[in-house]
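# Observations on chain architecture
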Amino acid sequence: MSTSPAAVRIRQVSKQYGEKVVLDRLDLDIAPREFVAILGPSGTGKTTLLRLLAGFEAPDEGDVLVPARRTTVYQEPRLVPPHRVLRNVMLGQRRTRQNRAAARAALAEVGLASHERAWPATLSGGEAQRVALARALVREPQLLMLDEPFAALDALTRLRMHDLLDRLRTRHQPAVLLVTHDIDEAIRLADRIVMLREGRVAIDLRVDVPHPRTLTHPLVVEYRTRLLAELGITEPSPTDPLAKELA
Ligand SMILES: Nc1ncnc2c1ncn2[C@@H]1O[C@H](COP(=O)(O)OP(=O)(O)OP(=O)(O)O)[C@@H](O)[C@H]1O
């Protein structure tokens, strides 16, 4: 695998497990600082794609170019129970004064300055996930990969995490690749939404809606309908001529 200074470049990447073709000559670019959400039915290779970008797996064919500084946050926070919060943020880093100061600053950014001496087991799900975000950001990644990071959280916490991610992203400006099953989450956060189907890009949608985005914005309604339709789900849309007529 090669490294590039910033953006992600995926060229003609194929990956299969046994007979199962998971990625099929996939092409995808991500610009520096761009936020791309990946959607797709279960089993379409979203996690496989992240694993290739993380360098945990190699493609059977094709090229993957990623920035050197890249990190992943998963659905589970993956904190180390016997280490306090601050040490979890510094995991794998040298315990220098500078690294400690950076870890404290990252904890303050996610609103957990007062929790640096807490044990992971005493944190709520949302707090633990904020520690995971702090641990990712303290490394100042050029590419931040998020694998369904909010899926296990309750709805209100998830909305708060969206706000937090929005702010962190504006401040740190990594390229972001978010794997999610939540169409509204993708529309709310991403600059671009890519839907995978059978190992290739089925939809590549630029979300040209200013932030903060509301789910009632006409373009959001349109994007939502298109994405749901690609998943085989039809929903009456308020922008449908028929729906307008019925209103
Ligand atoms: N190490 C592996 N060995 C064999 N098969 C695998 C392996 N990893 C993934 N697969 C298969 O590849 C396919 C794609 O898996 P992947 O986890 O990338 O999909 P996904 O889009 O992330 O799915 P989900 O939305 O359910 O998380 C699945 O059919 C899965 O069973």
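Quantities reported herein were computed from a predicted structural model and do not represent experimental measurements.

What follows covers the environment of R78. With respect to the helices, strands and loops of the structure, R78 is situated in the loop between β6 (70-73) and α2 (85-89). Through-space distance from the C-alpha of R78 to that of P120 is 9.6 Å; in sequence the pair is 42 residues apart.

Regular strands have side chains that alternate between both faces of the sheet. By the bridge criterion, four bridges tie strand β4 (residues 35-39) to strand β9 (residues 192-197) in an arrangement that is parallel. Looking across to β9, one finds that I38 is bridged to V194. Taken together, the six bridges between β9 and strand β10 (residues 200-206) define a ladder with antiparallel strand orientation. Looking at β10, one finds that I193 is bridged to L205.

Another point: the UniProt feature "domain: ABC transporter" (unreviewed entry) in the protein chain. When the UniProt feature table is mapped onto this chain, "domain: ABC transporter" (unreviewed entry) is found at residues 8-223. Segment residues 8-223 splits into 33% helix and 27% strand. End C-alpha atoms: 24 Å apart.

This brings us to the site of the ligand. By nearness alone, every residue bordering the ligand is listed as Y17, K20, V22, G40, S42, G43, T44, G45, K46, T47 and T48. Within the residue set of the shell around the ligand, elements represented by two or more residues are β3 (20-30) and α1 (46-54). Sorting elements by how many residues they give to the shell around the ligand places α1 first, with three residues. Per-class residue counts for the shell around the ligand are two nonpolar, seven polar and two charged.

Orientation of helix α4 (residues 125-137) relative to helix α5 (residues 155-172), taken along the N-to-C sense of each, is 15°, at an axis distance of 11 Å. As the angle between them shows, α4 and α5 are arranged roughly parallel. Handedness of the crossing formed by α4 with α5: right-handed. Across from G125, G126, Q129, R130, L133 and L137 in α4, the residues of α5 making contact are T157, R160, M161, L164, L168 and H172. Tallied by class, residues from the contact of α4 with α5 come to five nonpolar, five polar and two charged.

What counts and how
Residues numbered from 1 in each chain as written. Predicted model: local features only at pLDDT ≥ 70, side-chain atom pairs only at ≥ 80, totals over all residues. Helix = DSSP H or I, 4+ residues; strand = E, 2+ residues; numbered from the N terminus. Pairing = 2+ DSSP bridges. UniProt positions renumbered as here; feature names shortened; annotations may be inferred. Near = placed C-beta within 6 Å. Nonpolar A, V, L, I, M, F, W, Y, C, P; charged D, E, K, R; others polar. Axes fitted to C-alpha atoms, helices over the stretch in contact; angles between N-to-C directions. Parallel < 35°, antiparallel > 145°, perpendicular 65-115°, else oblique. Left-handed = near helix turned anticlockwise from the far one by under 90°. Contact = placed C-beta atoms within 7 Å.

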